[in-house]
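Chain by chain, the residues:
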Amino acid sequence: MTTKPLLQVLHGQVVPRVPIWLMRQAGRYLPEYRAVRENAGSFLDLCFTPELAAEVTLQPLRRFGLDAAIIFSDILVVPAALGQHVAFEEGHGPVLEPVRTPTDLSRLSRVRFGETLRPVSEAIALVREKLPPARALFGFAGAPWTVASYMVEGGGGSDFSTVKAWAYREPDSFAGLIDLLVEVTAEYLLQQIDAGADVLQIFDSWAGVLPDSALERWALRPTVEIVRRVGAKRPDVPIVVFPRGIGANYLRYASECDCTGLSLDTSVAPAWAARELQPLKVVQGNLDPLLLVVGGDAMRDAAKRILDSLGDQRFIFNLGHGILPQTPADHVAALCDLVHDWRR
Ligand code: CP3
């Protein structure tokens, strides 16, 4: 049996202290991250240099009482490994050469996929060597819908009109892109397990922009299929799914997806999740990242409300979305203490 509290929770045990980690816990709010980032060259160079990626993965664990690390990388390394041009521009976020037609799709190639992503496995192996034994290590990938939306729109900050129009007008050809992403993402996650990841998270950050009628085909089913493929080979590695912004459709993920955990976005009422989701899944979430920026009583009251609703059953404390760059580090330390000191 594992001695890592976060894995114990995912394996169904109720543990004395609620475990906590934070989405985007490595990043710009930490001066030691900015220092490494400045000298690394491009953002993708940082992701693909194992020593540097391992170093920034471990940085937040040196400062805070977090129960897990998440390997430092990005969901957009997958399109990069398929040969799509991906760049991260200062102040603009990711910029991709868009894939919008069956011809564009046919130019993507799996030939160098495994090789391009090998540095991620090497970084995972390096983190494993230095990871304190009570802490877990997350591998991760984006879900096909979210990754496809960046691939088709050509970056973030869009209204999703191009990717939706493709999915609605020519579902069969759009399915070619989604199916490709299902295959390579399952392969990539298995690669991360083999390298030493002991739990996985699948980020579907933009599931919530799909109408109910399209959610099943483009978000739910592809994620279910990835979870099935990974689970068929490595049934003991827990998988947490984060379909952000889908409201009551969390119920469908709880009943139809074979994942171990569901990560809740900020909008989900903890008491509803305790009643409807927690009997079926481990629940993770869901403090508003802005409350972590604000800190003080506002943060403490909101965190306690979440703990009082969800802390009695299998629960992992997290944010409802990623840490914001303006977050003061001492608020993160205070949150970790508060969560660990809470008693059911
Ligand atoms: O600590 C960790 O959580 C691990 C690292 C991690 C990053 N991105 C590093 C990163 C993880 C898990 C991600 C996931 C990711 N990337 C998601 C899903 C989660 C979410 O936030 O919804 C998405 C949608 C992306 C795509 C992406 N990467 C965007 C839109 C941006 C630009 C916006 C921004 O925050 O800057 C990135 C860049 C990025 N990925 C940064 C980091 C630390 C900032 C870039 C920098 O440091 O220069």
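Overview of the structure.

The rules we used
- Residues numbered from 1 in each chain as written.
- Predicted model: local features only at pLDDT ≥ 70, side-chain atom pairs only at ≥ 80, totals over all residues.
- Heavy atoms only, no water.
- Helix = DSSP H or I, 4+ residues; strand = E, 2+ residues; numbered from the N terminus.
- Rg over C-alpha atoms; globule rule 2.2 N^0.38 Å.
- Buried < 20%, exposed > 50% of the residue type's maximum accessible area, 1.4 Å probe, protein only.
- Contact = heavy atoms within 4.5 Å.
- Near = heavy atom within 4 Å.
- Polar contact = N/O pair within 3.5 Å; in protein donor to acceptor, adjacent residues only side chain to side chain.
- Phe/Tyr/Trp six-rings, centres within 6.5 Å; stacked < 30°, edge-to-face > 60°.
- Lys NZ or Arg CZ within 6 Å of the ring centre and 35° of its normal.
- Expected span 1.5 Å × (residues − 1).
- Axes fitted to C-alpha atoms, helices over the stretch in contact; angles between N-to-C directions.
- Left-handed = near helix turned anticlockwise from the far one by under 90°.
- Core = buried A, V, L, I, M, F, W, Y, C linked by side-chain atoms within 4.5 Å.
- Pairing = 2+ DSSP bridges.

A short note on the overall build of the chain
For the chain, the helix and strand inventory stands at 17 helices and nine strands. Against the 2.2 N^0.38 benchmark of 20 Å for 344 residues, the chain shows a C-alpha radius of gyration of 19 Å, consistent with a compact globule. Within the span of the chain, comprising 344 residues, buried residues form 57% of the whole. The contacts of the chain with a sequence gap of at least 6 include a subset with a gap of at least 24, amounting to 74%.

Focus on the site of the ligand
Neighbouring the ligand are 22 residues, the closest being Tyr33, Arg37, Asp74, Ser205 and His321. Contact between the ligand and Tyr33: an oxygen atom at 2.5 Å from a side-chain N or O atom of the residue. Residue Asp74 places a side-chain N or O atom 2.7 Å away from a nitrogen atom belonging to the ligand. When contributions to the shell around the ligand are tallied by element, the ones reaching two or more residues are helix 2 (31-39) and strand 3 (93-96).

Considerations on the packing of aromatic side chains
This model, assessed by the stated rule, comprises twelve aromatic pairs. Each ring, one from Phe203 and one from Phe242, has its centre 6.3 Å from the other, and the planes form 85°; the classification is edge-to-face. Pair noted here: Phe203 is in strand 5 (residues 199-204) and Phe242 is in strand 6 (residues 239-243), with a separation of 39 residues, a long-range link. For the residue pair Phe203 and Phe242, the accessibility class agrees, reading buried in each case. By way of ring pairs, the aromatic residues Tyr33, Phe43, Phe72 and Phe88 are connected into one cluster. A cation over an aromatic ring shows up here: Arg244 above the ring of Trp206, its NZ or CZ 4.7 Å from the ring centre.

Re the side chain of Asp67
Relative to the helices and strands, Asp67 resides in the loop between helix 4 (50-63) and strand 1 (68-70). Filtering out sequence-adjacent residues up to four positions away, Asp67 remains in contact with Pro5, Leu6, Val18, Pro19, Ile20, Ala134, Arg135, Ala136 and His340.

Brief notes about helix 11 (residues 171-195)
Working note: α-helix, 3.6 residues per turn, so residues spaced by three or four point in the same direction. Its 25 residues give helix 11 an end-to-end C-alpha distance of 36 Å, which sits within 8% of 36 Å, the value for a rise of 1.5 Å per residue. Buried residues dominate helix 11, accounting for 18 of its 25 residues. At the exit of helix 11 stands Gly196, carrying a positive phi of roughly 135°.

Considering the packing of helix 11 against helix 12 (residues 212-233)
Taken N-terminus to C-terminus, the directions of helix 11 and helix 12 make an angle of 30°; their axes are 9 Å apart at the nearest point. For the element pair helix 11 and helix 12, the recorded crossing hand is right-handed. For the pair formed by helix 11 and helix 12, the contact residues are Pro171, Asp172, Phe174, Ala175, Ile178, Val182, Glu183, Thr185, Ala186, Leu189, Leu190 and Ile193 on the first element and Arg217, Trp218, Pro222, Glu225, Ile226, Arg229, Val230 and Lys233 on the second.

Topic: the nonpolar core
In terms of nonpolar packing, the biggest core is built from 135 residues, with Leu6, Phe174, Leu177, Phe317 and Leu335 touching the most fellow members. A total of 14 residues in this core trace back to one element, the largest contributor, which is helix 11. Ignoring anything within four residues of it in the chain, the contact list for Phe317 reads Val18, Pro19, Ile20, Trp21, Gly285, Leu287, Ala303, Ile306, Leu307, Leu335 and Val339.

Regarding the sheet that holds strand 5
Taken in spatial order, the seven strands of this open sheet run 1-4-5-6-7-8-9, and their pairing is parallel. Strands at the two margins of the open sheet, each flanked by one partner only, are strand 1 and strand 9 (315-319). Strand-to-strand twist of the sheet, defined as the mean angle between neighbouring strand axes without regard to direction, takes the value 25°. As paired strands, strand 5 and strand 6 are joined by five bridges and run parallel to one another. When the sheet's bridge partners are listed, Leu200 is paired in strand 6 with Ile239. Sitting on the sheet, helix 11 touches strand 4 (136-142) and strand 5, and the angle it makes with strand 4 is about 165°.

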